[in-house]
Structures are given as C-alpha cells and as structure tokens.
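# What the coordinates show
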Amino acid sequence: MAKTAIKPLLYRPPPRWQWWAAFGGAVAIHLTAVALAQKREPPPVDLSDFPTAVVVATLEAPEEQPTPPPEDIPLPEPPPPPEIKPEYVEEATPPPKQPKAQKIAPIKAPQQAGRPGTMSISGAKALATYAPKPQYPYEARAHHIMGSGVCVVDVDPGSGSVTSATMAQSIGNQILDNAATSAFRQWRFKPGSVSKVKIPITYTMTGASY
C-alpha cells in the first residue's frame, strides 16, 4: 500500500473585517447598556441649595365647652282641686223631754182573810214564774219614740195568772202602751202570792226596762 503524505496544519488568521465587526458590535452593546442604565436611575438631586425650615407642631387641648343646662321639661298642670262643698249637716232636733215618771210608792193594802195585797215590781219579780220582756216595736224604734209610764196588772190569787193590764200612766205613745200591756198580760206568778202589781216601764233606744 502506498502511504499518503500528511500535510502540515497551518494557522490561518481570520480576515481583518470580521475582527472589526465583532469589536464594533461589542462597543455598541456596551453603549446601549450604559444608556439604558442612565434612563432607569436618574441622577440624585442636589438639595444643598434649598433652604431648610423647622416646623414645630403643638397640640392644643380643645376648649372645654360648658355643659348645657338640662332642658326644662314642662310638667303637666295639676288638675284643679275638687270643689269642696260644705256638707249639709242635718240638725238633729233633740226629742222632746218626756216627763219623768213619778215613782209611785206601792200601796200595801192590809191582807184581809189571807188575801195578798199590792206589790212593787221588785218584790213581784221574785214571785213571777213567767215574765216576758216587752218588745220595742219597729215603728216606734224607727221614729226614735221613747218615754216612760206605769202599768198596773191584776192577778188571780188562785192561779197566779194576770187577768188585766192597764196603763195607770201612759208612756206617751199608743204603740208603746200596747206593747207593754200585751207583754204584762202574759206574766204568771206563784198562786196566792200577789193580787196586784204596779210596774214602772221606760222605753229607750236600747229597749224596754222596768
């Protein structure tokens, strides 16, 4: 085999125009970068020529406003006092004075042949076996009728029953006289103890008393 001859490698520099072109491109890129940096960062402003001023801030307390007085709320007018009319006082006319009953002393008649005599009411009460109290009629009580009188009753000695009752002295009102005599006619005594009794009776607002 025939051997091929090896040619020596020689350095060939690039053409000169390529070098200048690369250099010019690098310079252009650098200048472009510097221009962009100047646009983004403006130069600092020199403030040395401006005058300086000191501002002192003070806080003033607000003036205290006087508290306004409370509004006067009008109170409703009180109602007028009721007209006080003088009470009509009926003058009570006092009842006419009734004459006082005269105390009549019982006449003690002498007993004849064992016949009993007249007794007072104090002694007759002890001998009475039945003695209902006279009632105060409604008509007389409603009209405040009062008075005093004396009733005389006759008694049958054998049975002790009252045979008659009459007003020796009227009370002053027929209603009261009838009430007294009706009650005394119902009285009963022990047989043979009494034949006649005088009974003083008085009517007041509390009732009859003798």
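In the block above lies the structure referred to throughout.
Definitions and limits used
Residues numbered from 1 in each chain as written. Predicted model: local features only at pLDDT ≥ 70, side-chain atom pairs only at ≥ 80, totals over all residues. Heavy atoms only, no water. Helix = DSSP H or I, 4+ residues; strand = E, 2+ residues; numbered from the N terminus. Contact = heavy atoms within 4.5 Å. Core = buried A, V, L, I, M, F, W, Y, C linked by side-chain atoms within 4.5 Å. Buried < 20%, exposed > 50% of the residue type's maximum accessible area, 1.4 Å probe, protein only. Salt bridge = Lys/Arg side-chain N within 4 Å of Asp/Glu carboxyl O.

### Focus: the environment of Ile 175
- In this structure, Ile 175 sits in helix 4 (residues 174–184).
- For the pair Ile 175 and Tyr 136, spaced 39 residues apart in sequence, the C-alpha separation works out to 9.2 Å.
- If we ignore the near neighbours within four places in the chain, the residues touching Ile 175 are Pro 137 and Glu 139.

### Some details on the nonpolar core
- Ranked by internal contacts, the top residues of the largest apolar core, which has 22 residues, are Val 153, Phe 184, Phe 189 and Tyr 203.
- Counting only elements with at least two residues in this core, the list comes to helix 2 (121–127), strand 3 (147–155), strand 4 (162–169), helix 4 and strand 6 (196–204).
- Look past the residues within four positions of Tyr 203 in its chain and what remains in contact with it is Pro 134, Gln 135, Tyr 136, Met 146, Gly 147, Ile 171, Leu 176, Ala 179, Ala 180 and Ala 208.

### As for the pattern of salt bridges
- Evaluated as defined, the whole model comprises 1 salt bridge.
- Of the charged contacts in the structure, one is a salt bridge between Asp 154 and Lys 196, with a shortest N-O distance of 3.9 Å. Residue Asp 154 is found in strand 3, and its partner Lys 196 is found in strand 6; the two are separated by 42 residues along the sequence.
- Note on Asp 154: relative accessible area 27%, which makes it partly exposed.

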